[in-house]
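Close look at the chain arrangement
One-letter residues, chain by chain:
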Amino acid sequence: MFRLFKHYVPHAVLLLGFFDLALLGLAAEIGWVWRAHEIGMAVEPLSQRPLPIATFALLVHMAMIAVGVYGPDSLQSLRFAAARLLVAISLGVILLSVTYFILPGTTLWRSNSLYAMGLSIVFLIGNRIILGGLLGTTAFKRRLMVLGAGKRAQRVQDLSERPDAGFVLVGFVAMNDGPLVVEEAINRDAIKNLAKHVENLNVTEVVLALEERRNALPLNDLLRIKTTGVHVNDLSTFLERETGRVDLDTVNPSWLIFSDGFSAGRRISTIAKRMFDLVVSSILLVLTAPIILLFALLVKLDSKGPAFFKQERVGLYGQPFEIVKLRSMRTDAEVDGAQWAQKNDPRVTRLGRFIRKVRIDELPQAWSVLKGDMSFVGPRPERPEFVADLETKMRYYNERHMVKPGITGWAQINYPYGASVEDARHKLEYDLYYAKNYTPFLDLLIILQTLRVVLWPDGAR
């Protein structure tokens with residue numbers, strides 16, 4: 001994994017993305033030259049037209065990120081990747097049409113976009129055929145050894161079985177720290193020199209997955225391993241990197257305190273985040289006002305009750321605030337008290353089912369963003385009744401309130417809609433990752449990938 005602005009990006013994705021961006025630029029250049037020759041126009045030097053080429057490559061690349069071209073499914077299946085690429089290219093056509101309409105002197109670029117788009121599809125699919133096979137080989141994966149052979153070590157073994165795993169397990173070493181779960185582990189007593197054993201197996205990373213560290217932590221061996229250039233990580237750090245979440249089963253307070261994250265340097269980023277929220281929420285409310293008003297009328301016609309409803313939620317530092325949404329449930333939906341939303345919830349109205357799927361019911365929340373109660377990106381704001389219950393059942397639940405809640409977030413794009421305590425636990429792990437590793441880069445990534453959730457709304461209820 002490569003850490004880019006505090007967020008972990010797989011080396012395979014980074015390499016593939018770099019080649020994709022270069023190929024998009026090449027497609028734009030060939031498309032321009034092709035079109036220029038067709039109309040008998042002299043071909044200018046590349047140095048005189050870098051902006052249109054860069055605009056084409058960046059906008060299409062952003063569309064690819066947004067629709068999930070670099071997700072695990074796309075990396076494993078050429079058919080899945082090709083389908084997402086076609087959606088991304090189509091979205092790119094729309095973005096480029098708007099951009100070229102705004103930018104002056106881009107008439108020729110508007111006419112050659114189809115050439116560039118067609119070439120892009122060929123180049124990008126070819127890139128996956130050639131490079132995709134290489135990325136799946138062990139040559140691009142870390143060679144990992146696990147110190148430990150209990151249940152914690154088994155977590156690493158389970159992760160290694162995923163098709164998108166970025167590492168290859170080369171062995172387990174039982175450290176006499178608890179019951180043996182991983183049967184193929186080698187006992188520490190059978191290894192004369194642990195550092196030499198690591199070197200002989202060409203290990204590039206060692207993960208500490210001990211059940212009990214007292215009297216079992218081999219400090220001298222770890223120091224020797226570390227000084228030879230091998231990465232040494234504890235299990236919590238390893239799982240955070242590989243899964244994009246803070247694993248509640250392995251984390252402890254000292255790790256949260258001493259590990260990298262929750263940086264005070266993000267104050268400047270917070271100011272920038274607020275400025276972004278003000279500008280975009282204002283624009284969004286103006287642009288979507290006709291849509292909100294139209295569906296408000298349809299909600300009134302579809303079922304009895306108000307078009308909008310207000311509901312109390314818990315925000316920054318645990319302070320309550322009210323959100324406004326388009327009503328998607330019957331007015332008597334919570335006559336028996338607050339309830340989790342369920343799959344195929346019978347309380348949802350006919351129109352409500354549609355507006356939930358396409359997230360139109362969320363649009364009025366831009367008003368909460370404008371007021372400052374919410375941000376565009378952050379943990380989902382929960383009901384006070386649910387928060388009071390979850391705080392008693394989960395460690396670190398309060399820590400998710402150290403950042404503003406958001407319309408979209410890291411948990412929302414990585415996990416389906418939470419409908420139980422167990423779902424809330426999984427989403428908390430993603431929320432803690434976001435709070436710990438927040439940067440504007442991560443916000444941008446979440447905003448882009450929110451489009452994937454809207455286009456394929458598996459998590460909407």
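Residues numbered from 1 in each chain as written. Predicted model: local features only at pLDDT ≥ 70, side-chain atom pairs only at ≥ 80, totals over all residues. Heavy atoms only, no water.

Points about empty space enclosed by the protein
Evaluated as defined, the whole model comprises two cavities of 30 Å³ or more. In this structure, the largest cavity occupies an estimated 50 Å³ of space. Sorting the residues of the lining of the largest cavity by element identifies strand E9 (320–326) and strand E11 (406–408) as the ones contributing at least two each. In the lining of the largest cavity, the residues fall into three nonpolar, two polar and four charged. Roughly 40 Å³ of volume is contained in the second largest cavity. (1 Å grid on protein atoms, 1.4 Å probe; cavity = no way out; pocket = protein on both sides within 12 Å on 5 of 7 lines; lining within 4 Å. Points joined across faces, edges and corners; volume = space filled by probe spheres on them. Helix = DSSP H or I, 4+ residues; strand = E, 2+ residues; numbered from the N terminus. Nonpolar A, V, L, I, M, F, W, Y, C, P; charged D, E, K, R; others polar.)

A few points about unusual backbone geometry
One non-glycine residue with positive phi stands out, namely Lys6, at about 75 degrees. Mapped onto the elements of the fold, Lys6 is located in the loop between strand E1 (2–4) and strand E2 (7–9).

Re helix H17 (residues 440–455)
Since the α-helix turns once every 3.6 residues, residues separated by three or four places project in the same direction. Between the first and last C-alpha of H17 there are 24 Å, a value that for 16 residues agrees with the 22 Å anticipated at 1.5 Å per step. Listed in full, the buried residues belonging to H17 are Leu442, Asp443, Leu445, Ile446, Leu448, Gln449, Thr450, Arg452 and Val453. (Expected span 1.5 Å × (residues − 1). Buried < 20%, exposed > 50% of the residue type's maximum accessible area, 1.4 Å probe, protein only.)

Re the packing of aromatic side chains
Taken as a whole and assessed by the stated rule, the structure comprises seven aromatic pairs. Seen from their ring centres, Phe276 and Phe376 are 6.3 Å apart, and the 70 degrees between their planes marks the pair as edge-to-face. In this pair, Phe276 sits in helix H11 (residues 267–302) while Phe376 sits in strand E10 (residues 375–377), placing the two residues 100 residues apart along the sequence. The exposure class assigned to Phe276 is partly exposed, which follows from its relative accessible area of 38%. The ring of Phe386 carries the charged tip of Arg383 above its face, separated from the ring centre by 5.9 Å. (Phe/Tyr/Trp six-rings, centres within 6.5 Å; stacked < 30°, edge-to-face > 60°. Lys NZ or Arg CZ within 6 Å of the ring centre and 35° of its normal.)

Observations regarding the UniProt feature "transmembrane region" (unreviewed entry) in the protein
Taking the numbering used here, the UniProt-annotated feature "transmembrane region" (unreviewed entry) corresponds to residues 51–70, 82–103, 115–135 and 276–299. In residues 51–70, the share of helix is 80% and the share of strand is 0%. The end C-alpha atoms are 25 Å apart. Across residues 276–299, helical content stands at 100% and strand content at 0%; the span's end C-alpha atoms are separated by 31 Å. (UniProt positions renumbered as here; feature names shortened; annotations may be inferred.)

Topic: the nonpolar core
The biggest cluster of nonpolar side chains holds 34 residues, and the ones touching the most others in it are Val251, Trp410, Tyr434, Leu442 and Ile446. Those elements that place two or more of their residues in this core are helix H10 (253–258), E9, E10, helix H14 (384–393), helix H15 (410–414), helix H16 (421–437) and H17. In terms of residue count, H16 provides more of this core than any other element does, seven residues in total. In contact with Ile446, other than residues within four places in its own chain, are Val377, Thr408, Gly409, Trp410, Ile413 and Tyr434. Grouped together as the second largest cluster of nonpolar side chains are 23 residues, Leu16, Phe56, Val69 and Leu131 included. (Core = buried A, V, L, I, M, F, W, Y, C linked by side-chain atoms within 4.5 Å. Contact = heavy atoms within 4.5 Å.)

Notes on the sheet that holds strand E7 (residues 231–234)
In space, the five strands of this open sheet follow the order E5-E4-E3-E6-E7, with parallel pairing throughout. Every other strand in the sheet has two partners, leaving strand E5 (186–187) and E7 as the edge strands with one partner each. In terms of strand pairing, strand E3 (residues 142–147) meets strand E4 (residues 167–174) through six bridges, oriented parallel. Looking at the pairing, Val146 lines up with Phe172 of E4. Against the sheet, helix H8 (residues 219–227) makes contact with E3, strand E6 (205–208) and E7, and its axis sits at roughly 135 degrees relative to E7, the strand it touches most. This element, helix H9 (residues 235–243), spans E3, E4, E6 and E7 of the sheet and lies at about 95 degrees to E7. (Pairing = 2+ DSSP bridges. Axes fitted to C-alpha atoms, helices over the stretch in contact; angles between N-to-C directions.)

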